[in-house]
Amino acid sequence: MPEREMPLPTDLDPRGRTFGEEERAAVLRVLDSAVLCSSFGSEARSLEAEMSHLYSRREAVACSSGTAALHLAVAAAGAGPGDEVVTTPISDFGTVAPVMAQGARVKFADVRAEDGNLDPAAVEAAITPRTKAVIAVHLFGAAADIVALRAICDRHGLVLIEDCAQAWLGEDEEGRLLGTLGDIACFSLQQFKHITAGDGGLAVTDDPELARGMRLFMDKGWDRAEGRIHRRMGLNYRMPELVAAVARAQLGKVADVVSRRRRRAGQLAAAIDGLRDCRMPERREGHAWWVVPLLVDDNARWSKRLLDLGIPSVPGYLERPLYANPAMPGYPPGLCPRAEELIDRTLLVLPWNEAYTEDDVDRIARALCEVGAR
Ligand SMILES: *Cc1c(COP(=O)(O)O)cnc(C)c1O
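Sequence positions are assigned chain by chain, starting from 1 and proceeding in written order. It should be noted that, the model being predicted, local features are given only for residues of pLDDT at least 70 and side-chain atom pairs only at 80 or more, the latter also being counted only at that level, while totals for whole chains, interfaces and linings use all residues. Think of the side-chain values as coming from all heavy atoms in the structure, minus any hydrogens and water.

As annotated in an unreviewed UniProt entry, the chain is DegT/DnrJ/EryC1/StrS family aminotransferase from Streptomyces achmelvichensis.

Dropping the structure here:
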């Protein structure tokens, strides 16, 4: 009789998260200091310094979520009523909510069929005189074509924002670190990301003006060094000290998290090589493997068969493209056909985790080989 198998570790399971003595000590250090607000403590400012060092960027701004980080970026880019921001229909809602909150319009460009990342030609075609910025999402940890997008933004005088929420330490084919080519790059520390403090966000930039704009927007438009004067509209997107302290411990682990995910993804790629109707991304070098996206012939059928074999997966990643949500009226169905085809039929997402063992990945591969055809 087969041994009963342990469920795979998940992001909601101590086995699937990297909390240890470091995080425990961090929480107690802050509690014992009695200073839990980052305006008066040192944890969030230290996290910013460590993040700016990790990404070799001049400035980092800590805030309360990835969505908040993107809001800092979109606000600092100057997007407002009458302006447009071009981005992808396959992402978390946090990519577009900040644009809407600023009263600007989201212009959706279609994606590449092979990896769901923005198609640079579609981005360029979506640009109008009202366009202020492009948000490039590195979907699932795979590099968007950041060099082409950088060139397009330079040609049209646009701010390029990288959404790196799923791409901690991801690299493109040339080994360029994702989050270093955009004018601003945004990161999330939400529960399901590579590293987490429950919720939290970071934005990095080399531009002192953009950094100042983001810092002001993060703290009610208030430069505390100057006095109680509000220079610009801003919100309270401050990161609490408890969060920052945990995030600092997690930041020290992110390289190991990504390298373990890469090792296991490599094992899976080798094991399912040759399957005709189920393919891993072709560009695997530098992938951060937030999840493992697969291309299949019929994602609903695959998801059901895999679940019967005890392997969870998410067909399409989203239920619908961002523009098909009730919160975003005014976009016609069929707007981005390649994105819709991925969501409705060809994209299957496997949850991925640095705690997967060689046996776990063997089990996943065996299930895929059972469902697929050689
Ligand atoms: C998670 C995520 C966000 C939003 O981050 P939160 O911390 O949940 O607000 C934005 N973009 C992408 C691509 C994400 O995966």
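Structure shown, so let's carry the discussion forward.
Asker: So what exactly am I meant to see when it comes to the sheet that holds strand E10 (residues 314-315) here?
Answerer: Sheet strands pair via backbone hydrogen bonds, and the direction of the pair is either parallel or antiparallel. For two strands to be treated as a pair, DSSP must find no fewer than two bridges joining them. Runs of H or I in DSSP of at least four residues are treated as helices and runs of E of at least two as strands, each being numbered from the N terminus. Spatially, four strands are ordered E8-E9-E11-E10 in an open sheet, and the strand pairing comes out antiparallel. With one partner strand each, in any of the chains shown, strand E8 (278-279) and E10 form the two edges of the open sheet. Bridge count between E8 and strand E9 (residues 291-296): two bridges; the pairing is antiparallel. Bridging from a neighbouring strand, Cys278 pairs with Val296 of E9. Contacts between helix H10 (residues 299-308) and the sheet are confined to E8, E9, E10 and strand E11 (347-351), with E11 contributing the most and set at about 30° to the helix. Here helix H11 (residues 337-346) sits on the sheet in contact with E9, E10 and E11, set at roughly 90° to E9. In what follows, residue pairs with any heavy atoms lying within 4.5 Å of each other are defined as contacts. Think of each axis as a best-fit line through the C-alpha atoms, taken over the contacting stretch in the case of a helix, with angles from 0 to 180 degrees between the N-to-C directions.

Asker: Just checking my understanding: could you explain the side chain of Arg363 for this structure?
Answerer: Its place among the elements puts Arg363 in helix H12 (residues 358-371). Under the rule applied, a polar contact is a pair of N or O atoms within 3.5 Å (in protein, one hydrogen donor and one hydrogen acceptor; residues adjacent in sequence only if both atoms are side-chain atoms). In this structure the side chain of Arg363 is engaged in a polar contact, spanning 3.1 Å, whose partner is the backbone oxygen of Met6. Once you skip the residues sitting within four places of it in the chain, Arg363 turns out to touch Glu5, Met6, Leu8, Gly310 and Ile311.

Asker: Please clarify how the domain arrangement of the chain should be interpreted in this entry.
Answerer: Size of an interface, as often reported, equals the accessible area lost when the parts are brought together. Once the domains are mapped, the chain shows domain 1 (17-251) and domain 2 (254-373). Where each domain begins and ends is defined by an automated method or by a domain database. A C-alpha centroid distance of 25 Å is found between domain 1 and domain 2. Taken together, the contact pairs 40 residues of domain 1 with 35 residues of domain 2. Each partner contributes to the roughly 3,200 Å² buried at the junction of domain 1 and domain 2, and carbon and sulfur atoms together form 63% of this total. Summed over both partners, the accessible area lost on bringing two parts together, with a 1.4 Å probe, is the buried area. In terms of surface lost to domain 2, no three residues of domain 1 exceed Phe108, Phe140 and His194, which account for 23% of the buried area on that side. Counted as salt bridges are all cases of a side-chain nitrogen of Lys or Arg within 4 Å of a carboxyl oxygen of Asp or Glu. On inspection of domain 1 and its partner domain 2, the count reaches three salt bridges. Close ionic contact of Glu173 with Arg283 constitutes a salt bridge, the shortest N to O distance being 3.7 Å. The interface formed by domain 1 and domain 2 includes 15 residue pairs in polar contact (both at pLDDT 80 or more). Mapped by element, the contributors of at least two residues to the side of domain 1 that touches domain 2 are strand E3 (105-108) and helix H8 (241-251). The nonpolar class holds Ala, Val, Leu, Ile, Met, Phe, Trp, Tyr, Cys and Pro. Asp, Glu, Lys and Arg form the charged class, and all remaining residues, Gly among them, are polar. Taken together, the residues of the side of domain 1 that touches domain 2 break down into 20 nonpolar, nine polar and 11 charged.

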